[in-house]
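Structural characterization, general
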Amino acid sequence: MTTWLASDLHLDPTTPGVAARFRRFLDGPVRGAHALFLLGDLFEAWIGDDDPEPAHREVIAALAATGAAGTRVFVMRGNRDFMIGTRFCAESGATLLDDPSLVTISGERVLLTHGDGLCTDDRAYQRLRALVSDAGLRDAFARLPIEARRRLASEARAGSREHLAAASAYITDVNAAAVARVFAGAGASLMIHGHTHRPGVHRLEAGGAGGTRIVLGAWHDEAEVVRWDDAGWQLLPCPA
Ligand code: MN
């Protein structure tokens, strides 16, 4: 049984090449797999499940086809697509995962998270994260006309780009104490996340609360994904 994990595709109508690669991934390596986990930022921006954007509709159809072919698809919200909701799940056939989620893959307990919650050194970002996690605020945003939502999303992305350009690399990566805390509370010695766009495998020894942390890649780069079968897991460049 094979399970795939990927994150940070940042699919956007302006980058059709990434969407095409994702479709090749779904129609090739993922076909026949047991499950596919998408750990956040599948979309560069998601202004609501009612967005008629044709590029997004194609992604929903591709996910539905993957599910219909027998692969279970799980989607976690990221910081770019935190407005993904029940209609998206109904149309794509994907199951929405809480962030974080403890799951069992090939008999091993694994903690899955998008990863932005681990970047506690970035205080400005964490204030913004707390704000957009407010359900009332999200409801208010969802009631705005689509054009207004699109404009606000594009302003937010411009603000994010400015912030990332100004912040140091250290600040925008995970905080070691936050990682140790999550391991200690999780009851798992393996964690998989994305968000930082710094793919790699990190082993942490921290007074018994250590573990292995796998970081998935962003798809505008190497698109490192995890392939997990009975022989174990592997972080590798997306084979599509
Ligand atoms: Mn992210």
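Residues numbered from 1 in each chain as written. Predicted model: local features only at pLDDT ≥ 70, side-chain atom pairs only at ≥ 80, totals over all residues. Heavy atoms only, no water.

1. Describing the overall build of the protein chain
- Scanning the protein chain for helices and strands turns up 7 helices and 11 strands.
- Taking 240 residues into account, the globule formula puts the C-alpha radius of gyration at 18 Å, and the protein chain, at 17 Å, falls close to it.
- C-alpha extents for the protein chain along the principal axes are approximately 50 × 45 × 30 Å.
- Counting every position in the protein chain, which comprises 240 residues, the buried fraction comes to 48%.
- If you take every contact in the protein chain between residues at least 6 apart in sequence, the share linking residues at least 24 apart comes to 66%.
- Put simply, the protein chain shows about 11200 Å² of open surface, and 54% of that area lies on carbon and sulfur atoms.
- Positive and negative side-chain charges of the protein chain, numbering 25 and 30 respectively, have mean locations separated by a distance of 2 Å. (Helix = DSSP H or I, 4+ residues; strand = E, 2+ residues; numbered from the N terminus. Rg over C-alpha atoms; globule rule 2.2 N^0.38 Å. Buried < 20%, exposed > 50% of the residue type's maximum accessible area, 1.4 Å probe, protein only. Contact = heavy atoms within 4.5 Å. Areas by Shrake-Rupley, 256 points an atom, 1.4 Å probe, with all protein chains shown as cover. Lys, Arg positive; Asp, Glu negative; His and termini not counted. Charge placed at Lys NZ, Arg CZ, Asp CG, Glu CD.)

2. Remarks on the pairing of strand β11 (residues 232-237)
- Note: strand β10 (residues 224-229) against β11, 6 bridges, orientation antiparallel. In the sheet register, R227 faces β11, and the bridge partner there is Q234.
- Taken together, β10 and the strand that follows it, β11, pair antiparallel across an intervening segment of 2 residues. (Pairing = 2+ DSSP bridges.)

3. Things to note about the pattern of salt bridges
- This structure, assessed with the given rule, holds 13 salt bridges.
- For E147, the salt bridge goes to R150, with nearest N and O atoms at 2.9 Å. Residue E147 and its partner R150 are located together in helix α6 (residues 146-166), separated by 3 residues, close to a single helical turn.
- Residues participating in the shared-partner salt-bridge network are D12, E44, R80 and R157. (Salt bridge = Lys/Arg side-chain N within 4 Å of Asp/Glu carboxyl O.)

4. Points about the coordination of the manganese ion
- Around the manganese ion, the protein contributes the donor atoms D41 (OD), N79 (OD1), H114 (NE2) and H195 (ND1), at 2.1 to 2.3 Å from the metal centre.
- Read N to C, the donor residues that coordinate the manganese ion are spaced as D-x37-N-x34-H-x80-H. Here N79, found in the loop between β3 (72-76) and α3 (86-92), pairs with H195, found in the loop between β7 (190-193) and β8 (200-204); they are 116 residues apart in sequence, far enough to count as distant. (Donors = N, O, S within 2.8 Å, 3.2 Å for Na, K, Ca; no water.)

5. Focus: the sheet that holds strand β9 (residues 211-215)
- Strand order in the open sheet formed by 5 strands is β5-β6-β7-β9-β8, with mixed pairing between adjacent strands. Of all the strands in the sheet, the pair left with one neighbour each is β5 (101-105) and β8. The average angle at which neighbouring strand axes cross in this sheet is 25 degrees, direction not considered.
- Two strands pair when backbone bridges link them, and β7 and β9 are joined in this way by 4 bridges, in the parallel orientation. Bridge pairing links L190 to T212 in β9. (Axes fitted to C-alpha atoms, helices over the stretch in contact; angles between N-to-C directions.)

6. Describing a nonpolar patch on the surface
- Together, L128, L131 and L137 line one region of the surface with nonpolar side chains, adding up to about 280 Å² of accessible area.
- Locating L131 in the fold gives a position in helix α4 (residues 123-132). (Patch = residues over 30% accessible without salt bridge, like charges linked within 9 Å, V, L, I, M, F, W, Y side chains within 5 Å.)

7. Here's the deal with the nonpolar core
- Ranked by internal contacts, the top residues of the largest apolar core, which has 35 residues, are L11, F22, L38, L42, L63, F88 and W219.
- Mapped onto this core, the elements with two or more residues apiece are β1 (3-6), α1 (16-27), β2 (35-38), α2 (54-68), β3 and α3.
- Residue contributions to this core peak at 5 residues, all from α1.
- Filtering out sequence-adjacent residues up to four positions away, F22 remains in contact with L9, L11, L38, L42, V59, L63 and W219.
- One finds A35, L39, I192 and V226 within the second-largest nonpolar core, a separate group that totals 17 residues. (Core = buried A, V, L, I, M, F, W, Y, C linked by side-chain atoms within 4.5 Å.)

8. Points about the sheet that holds β1
- Ordered by their spatial adjacency, 6 strands build an open sheet running β4-β3-β2-β1-β10-β11, and the pairing between neighbours is mixed. Two strands in the sheet have a free side with no partner beyond their single neighbour: β4 (95-97) and β11. Averaged over all neighbouring strand pairs, the angle between strand axes comes to 20 degrees, with direction disregarded.
- Here 3 bridges tie β1 to β10, and the two strands are oriented antiparallel to one another. Following the sheet pairing, W4 is matched in β10 by R227.

9. Digging into the pairing of β2
- Residue alternation in β2 divides its side chains into two sets, A35 and F37 and L36 and L38, and both sets are buried.
- Strand direction decides the pairing type here: β1 and β2, joined by 4 bridges, are parallel. Note on β2: the bridge partner recorded for L5 is F37.
- With 4 bridges joining them, β2 and β3 adopt parallel strand pairing. Its bridge partner being in β3, F37 is matched across the sheet by F74.
- Each parallel crossover has a hand, and the one from β2 via α2 to β3 is right-handed. (Right-handed = clockwise from strand over helix to strand, strands pointing away.)

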